[in-house]
Amino acid sequence: MSIQKKRVKAKTVAIVGGGCAGWSLAARVDQLSANRVTLYLKEEPHTSHNWGFWQMPWLSEALSRKRAKWNSWQIITDEGIVTHRSINHAYCSISSDDWFDWCQQRFHSAATTTEVIKLPVTNTDKNILITSDHKKKYDSIYDSRPPMADKNILLQHFKGLEIKTSIPVFNSKVAVLMDFRVSQKNGIHFMYVLGYDAYTALVESTFFSTSPHREEVYDEAITDYLSRIYNVTSFEIIKSEKGIIPMGEVRPKDQNPFLYSIGSNAGAIRPSSGYAFSFIQKQIMQFLDRQTKPTTPHKKHDLMMDHIFLEVLKSHPEKAQRLFFKLARALDGDSFARFLSGEANIKDYFLVINSMPKWLFINQAVRVIIEKWKRIAKWA
Ligand SMILES: Cc1cc2nc3c(=O)[nH]c(=O)nc-3n(C[C@H](O)[C@H](O)[C@H](O)COP(=O)(O)OP(=O)(O)OC[C@H]3O[C@@H](n4cnc5c(N)ncnc54)[C@H](O)[C@@H]3O)c2cc1C
């Protein structure tokens, strides 16, 4: 059987949106087989943040521009601490400013003719360029504007502070990916701590729940955590970052069939973790290498497992930290990194499935399947 793949041979290309996906594609503009590429940006106040990812073969460019890397990381719960180590798949952090600088240099020095068009911030999603006129103007339009998500899905919402302390308290050798020793009264809640040196760290209060909180909730949680766990009561804030990431199915707001969605607009966010940077790079490389339309970078069975896992978290939030602890304890550093980067092998899947409480997941899997059937029946 031969699989026909649609080749995207374009002369003029537009990329809409200058976030992670838009700029990451713009950096590889010479691989688009285009004569001219236009990047449409929305004029917005400058914000910067960090992207964490595990070192993987498709991330060598990001790796060489990383701010820091950790060969060990921890998941901490009331039950205990799991420490993972990995030489091959270190946990890395890159600043969005550094990544965008690299992308911009590549875009502006490309052999392909490139231009940037800035759109005033008053433009809404409705009045932006994508009309039939643009369809005539461009052979391909890659759309990285943010997608829509269902109302009742879980959100990962967080605020992080990069801080400097006057006493040396942080461990720059071990990243803390999840520390559940925080109040759970406002939803599934953990701290994420990346120690850059003994005095400097990103400390992020992260929740999984269906709606975000007032800013004070994250601020108070960080202050309380630093004082209880690190004995730090005063610190200098260097910068802050915040975000709301959908943990579930999303779809493009603009469903025009001539648009190629990329990035989170094409489902690049891994639903169960909110990680997207690595998957966006994977997605872009895959479709450029294969000269096909962009598709989801996730495997179908990863999405199915995530769906079931998220349904379990939604119906049993009180079990969250136990589930993350069991999952982390069942894996070593390499398998954990592979699983969260969409590269799990059969043994990794076996370990993951085996670590989860069977009846809870079977019960939820049955519900998910019934839900799917109901939806199919409704459409039929
Ligand atoms: C603070 C923060 C920290 C994160 N940390 C991590 C992390 O550690 N690891 C990780 O893997 N992921 C992380 N993520 C998640 C993920 O990497 C990001 O959401 C990622 O930026 C998604 O890329 P994107 O290009 O799809 O969307 P975005 O980066 O959001 O880009 C969308 C772009 O579309 C533009 N836009 C919107 N409307 C219009 C319009 N009408 N016309 C033109 N342009 C428009 C916006 O200006 C924006 O530039 C983080 C997200 C945030 C917000």
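Residues numbered from 1 in each chain as written. Predicted model: local features only at pLDDT ≥ 70, side-chain atom pairs only at ≥ 80, totals over all residues. Heavy atoms only, no water.

Turning our eyes to something else, we now look at the sheet that holds strand β14 (residues 200-209). Pairing is mixed across the open sheet formed by seven strands, whose spatial order is β6-β5-β12-β13-β14-β11-β15. Looking along the sheet, the strands with just one partner apiece sit at the ends: β6 (80-85) and β15 (236-247). For this sheet, the mean angle separating the axes of adjacent strands, direction not counted, is 15°. With ten bridges connecting them, strand β11 (residues 154-164) and β14 associate as antiparallel partners. What sits directly across from L155, in β14, is S209. Contacts from helix α7 (residues 300-315) reach β11, β13 (188-195), β14 and β15, with the element oriented near 85° to β11. (Pairing = 2+ DSSP bridges. Helix = DSSP H or I, 4+ residues; strand = E, 2+ residues; numbered from the N terminus. Axes fitted to C-alpha atoms, helices over the stretch in contact; angles between N-to-C directions. Contact = heavy atoms within 4.5 Å.)

Okay, the sheet that holds strand β1 (residues 12-16) next. Pairing is parallel in the open sheet, where five strands are placed in the order β8-β2-β1-β9-β17. The sheet terminates laterally at β8 (113-119) and β17 (259-261), the two strands that pair on one side only. Geometrically, the sheet is characterised by an average inter-axis angle of 20° between neighbouring strands, direction not taken into account. Bridging between β1 and strand β2 (residues 36-42) involves five bridges; their strand directions are parallel. Residue pairing for β2: A14 is matched across the bridge by T38. Contacts between helix α3 (residues 96-108) and the sheet are confined to β2 and β8, with β8 contributing the most and set at about 125° to the helix.

The next point concerns the packing of helix α8 (residues 320-330) against helix α10 (residues 346-355). α10 packs onto α8 with a crossing angle of 145° between their chain directions and a minimal axis gap of 9 Å. In this structure, α8 crosses over α10, and the sense of that crossing is right-handed. Packed against α8, whose contacting residues are K326, L327 and A330, the element α10 presents L351, V352 and S355 at the interface. Considering only residue class, the contact of α8 with α10 consists of four nonpolar, one polar and one charged. (Left-handed = near helix turned anticlockwise from the far one by under 90°. Nonpolar A, V, L, I, M, F, W, Y, C, P; charged D, E, K, R; others polar.)

A word on α10. Every buried residue of α10 is listed here: D348, Y349, V352 and S355. Taken end-on, α10 shows its buried residues confined to a sector of 135°, consistent with a single buried face. Exposed and oriented more than 90 degrees from the buried face of α10 are I346, K347 and F350. Its side-chain oxygen at 3.2 Å from the backbone nitrogen of K347, N345 defines the N-terminal cap of α10. (Buried < 20%, exposed > 50% of the residue type's maximum accessible area, 1.4 Å probe, protein only. Arc of directions from axis to C-beta. Polar contact = N/O pair within 3.5 Å; in protein donor to acceptor, adjacent residues only side chain to side chain.)

Now for the pattern of salt bridges. In the structure shown here, the tally under the stated rule is 17 salt bridges. Note that E79 and R322 form a salt bridge whose closest N and O atoms lie 2.3 Å from each other. Here R322 lies in helix α8 and E79 lies in the loop between β5 (72-77) and β6, a separation of 243 residues in the sequence. Here E79 falls in the partly exposed class, since its relative accessible area comes to 43%. With its nearest N and O atoms 2.8 Å apart, the salt bridge here joins D348 to R338. With D348 in helix α10 and R338 in helix α9 (residues 333-340), this residue pair connects regions lying ten residues apart in the sequence. Connected through shared salt-bridge partners, K159, E215, D219 and K242 make up one network. (Salt bridge = Lys/Arg side-chain N within 4 Å of Asp/Glu carboxyl O.)

Turning our eyes to something else, we now look at the environment of D179. Relative to the helices and strands, D179 resides in strand β12 (residues 174-179). Setting aside chain neighbours within four positions, we find D179 in contact with I76, F190, M191 and Y225. Separated by 2.7 Å, the side chains of D179 and R181 make a polar contact. There is a polar contact of 2.7 Å between the side chain of D179 and the side chain of Y225.

Take the nonpolar core next. Core analysis: the largest hydrophobic core is formed by 88 residues, its most contacted members being W54, Y91, L177 and L313. In contact with L313, other than residues within four places in its own chain, are L154, I188, F208, A320, L323 and F324. Residues V176, V193, I222 and Y230 belong to the second largest nonpolar core, which totals 16 residues. (Core = buried A, V, L, I, M, F, W, Y, C linked by side-chain atoms within 4.5 Å.)

Taken together, the side chains of W359, I362, V366 and I370 present a nonpolar region at the surface, about 440 Å² in accessible area. For W359, the position within the fold is in helix α11 (residues 358-379). Judged by relative accessible area, W359 falls into the exposed class, the value being 69%. (Patch = residues over 30% accessible without salt bridge, like charges linked within 9 Å, V, L, I, M, F, W, Y side chains within 5 Å. Areas by Shrake-Rupley, 256 points an atom, 1.4 Å probe, with all protein chains shown as cover.)

Looking now at the packing of aromatic side chains. Counting across every chain of the model gives 28 aromatic pairs. Ring geometry for Y225 against Y230: centres 5.8 Å apart, planes inclined by 70°, an arrangement best described as edge-to-face. Y225 gets classed as buried once you look at its relative accessible area, which sits at 1%. Taking the ring centre of Y196 as reference, the NZ or CZ of R67 above it sits at 3.6 Å. Its end group placed over the ring of F339, R270 keeps NZ or CZ at 5.4 Å from the ring centre. (Phe/Tyr/Trp six-rings, centres within 6.5 Å; stacked < 30°, edge-to-face > 60°. Lys NZ or Arg CZ within 6 Å of the ring centre and 35° of its normal.)

Moving on, we come to the domain arrangement of the protein chain. You can read the domains of the protein chain as domain 1 (12-68 + 93-150 + 249-290), domain 2 (154-247) and domain 3 (300-375). The straight-line distance from the C-alpha centre of domain 2 to that of domain 3 is 25 Å. Each partner contributes to the interface: domain 2 provides seven residues, whereas domain 3 provides eight residues. Around 710 Å² of area is buried between domain 2 and domain 3 when both sides are counted, 87% of it from carbon and sulfur atoms. The interface formed by domain 2 and domain 3 holds zero salt bridges in total. For the interface between domain 2 and domain 3, the tally reads zero residue pairs in polar contact (both at pLDDT 80 or more). (Domains from an automatic or database assignment. Buried area = accessible area lost by both parts, 1.4 Å probe.)

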